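Chain residues, written in single-letter form:
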Amino acid sequence: MHKITDKLTQVRHAIQQAAERANRNSNEITLLAASKKQSAQSIATAYAAGQYDFGENYLQEALDKQQALRDLDICWHFIGPIQSNKTRSITENFSWVHSIDREKVAQRLNDQRPDNLPPLNVCIQVNIDREASKSGVYAENILPLAQKIWSMPKLTLRGLMAIPAKQSLDIQTTENHKTAHESAFLTIQREFERIKLQKQAVNFDTLSMGMSNDLSEAIEYGATIVRIGTHIFGKRL
Ligand SMILES: *Cc1c(COP(=O)(O)O)cnc(C)c1O
């Protein structure tokens with residue numbers, strides 16, 4: 001069997017186990033294969049093994065792979081930082097965008113979404129650890145941005161996305177750091193539940209968090225999309 005096929009099976013198994021531990025149904029968790037810096041061939045291999053959702057970070061790289069794989073029925077997610085001069089191409093070529101962090105970008109994705117496509121599924125990226133270097137909105141700015149997006153007919157606000165601080169990922173051995181890491185997940189879970197109570201929050205069902213190194217923890221705290229790269233494809237090119 002191909003290595004990617006094996007690894008995909010392992011990741012699916014890990015999702016299943018984490019869901020069981022958390023008393024959740026694994027059907028409510030979508031595996032998104034984070035395929036940045038992986039070849040079109042690797043994506044095709046994963047597709048043949050039943051993987052249909054792929055996440056890309058770099059627009060030109062993504063467009064090249066989409067072109068090469070145009071015969072496959074892949075659901076493409078954009079998960080990288082967004083420059084506002086790239087919004088047209090993003091909204092024309094993706095079904096999901098996880099990394100909305102400002103109104104201007106949301107407005108452009110809405111205005112430029114082609115009429116023949118359904119509304120673009122979007123998540124607000126939250127800067128949960130308030131790191132100056134990271135993109136994403138601070139918790140107190142989620143609701144104001146959500147309200148703007150709810151007024152945009154060609155966007156459907158599906159939920160929140162977060163990438164917890166690297167520091168707490170690297171040092172998980174001490175109890176203190178583990179606690180810090182878990183509390184980041186807990187914070188975003190609470191924000192998610194809070195926004196969900198708003199009457200406009202229709203189809204607000206997505207908590208996009210968890211990567212190769214913190215998959216099971218993310219599932220424990222309610223992740224509905226986990227974005228996994230390394231553990232499926234191995235090291236990036
Ligand atoms: C690369 C990337 C991932 C996957 O990271 P791995 O550690 O390789 O699993 C997930 N989310 C985003 C936003 C990424 O850029």
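Quick caveat, the model's predicted, so the values are computed rather than measured.

Once that is clear, we can look at the environment of Asp 6. Tracing the backbone through its elements, the reader meets Asp 6 in helix α1 (residues 3-21). Separated by 225 residues in the primary sequence, Asp 6 and His 231 place their C-alpha atoms 10 Å from one another.

On to the pattern of salt bridges, then. For the structure on display, the rule yields nine salt bridges. With a closest N to O distance of 2.9 Å, Glu 140 and Arg 130 form a salt bridge. Taken together, the positions of Glu 140 in the loop between β5 (120-126) and α6 (142-150) and Arg 130 in the loop between β5 and α6 put the pair ten residues apart, joining distant regions of the chain. Look at Glu 140 and you get partly exposed, because its relative accessible area is 45%. Three or more residues are tied together by salt bridges with common partners; here these are Glu 56, Glu 61 and Lys 65.

In the vicinity of the ligand, the contacting residues are Ala 34, Lys 36, Asn 57, Ile 79, Ile 163, Met 211, Ser 212, Arg 227, Ile 228, Gly 229, Thr 230 and Arg 236. Take Arg 236: an N or O atom from its side chain is 2.8 Å from an oxygen atom of the ligand. Class assignment of the residues belonging to the shell around the ligand gives a composition of five nonpolar, four polar and three charged.

With 94% of its residues at a pLDDT of 70 or more, the protein chain has an overall mean of 94. Taken element by element, the predicted model of the protein chain shows its lowest mean pLDDT in helix α7 (residues 166-170) (52) and its highest in strand β3 (residues 75-78) (99). Within the model, the stretch residues 168-172 combines pLDDT values under 50 with ten contacts to residues more than four positions away or in other chains.

Now for the nonpolar core. In this structure, Val 97, Ile 124, Ile 149, Leu 160, Val 226 and Ile 232 are the most contacted members of the largest nonpolar core, which totals 63 residues. Per-element accounting of this core gives the leading share, six residues, to α1. Sequence-distant contacts of Ile 232, that is, excluding residues within four places in its chain, are made with Ile 4, Lys 7, Leu 8, Val 11, Leu 31 and Ala 33. Listed in part, the seven residues of the second largest apolar core include Ala 34, Ile 79, Cys 123 and Met 161.

Taking 1.5 Å per residue as the helical rise, α1 with its 19 residues ought to reach 27 Å, and the 27 Å between its terminal C-alpha atoms agrees with that figure. Here α1 has its buried residues at Ile 4, Thr 5, Leu 8, Val 11, Ile 15, Ala 18 and Ala 19. Buried residues of α1, viewed axially, fall in a sector of 150°; they line one side. Among the exposed residues of α1, those oriented more than 90 degrees off its buried face are Lys 3, Gln 10, Glu 20 and Arg 21. If you follow the buried residues of α1, they end up packed against β1 (30-34), α2 (40-48), α9 (215-220), β8 (225-228) and α10 (230-233). Positioned one or two residues after α1, Asn 23 has a phi angle of 55°, which is positive.

Moving on to unusual backbone geometry. One non-glycine residue, Asn 23, lies in positive phi territory at about 55°. Note that Asn 23 resides in the loop between α1 and β1. With a relative accessible area of 74%, Asn 23 lands in the exposed category. Residue Arg 130 is not a glycine yet carries a positive backbone phi of 55°.

Basis of the calculations
- Residues numbered from 1 in each chain as written.
- Predicted model: local features only at pLDDT ≥ 70, side-chain atom pairs only at ≥ 80, totals over all residues.
- Heavy atoms only, no water.
- Helix = DSSP H or I, 4+ residues; strand = E, 2+ residues; numbered from the N terminus.
- Salt bridge = Lys/Arg side-chain N within 4 Å of Asp/Glu carboxyl O.
- Buried < 20%, exposed > 50% of the residue type's maximum accessible area, 1.4 Å probe, protein only.
- Near = heavy atom within 4 Å.
- Polar contact = N/O pair within 3.5 Å; in protein donor to acceptor, adjacent residues only side chain to side chain.
- Nonpolar A, V, L, I, M, F, W, Y, C, P; charged D, E, K, R; others polar.
- pLDDT = per-residue confidence, 0-100.
- Contact = heavy atoms within 4.5 Å.
- Core = buried A, V, L, I, M, F, W, Y, C linked by side-chain atoms within 4.5 Å.
- Expected span 1.5 Å × (residues − 1).
- Arc of directions from axis to C-beta.

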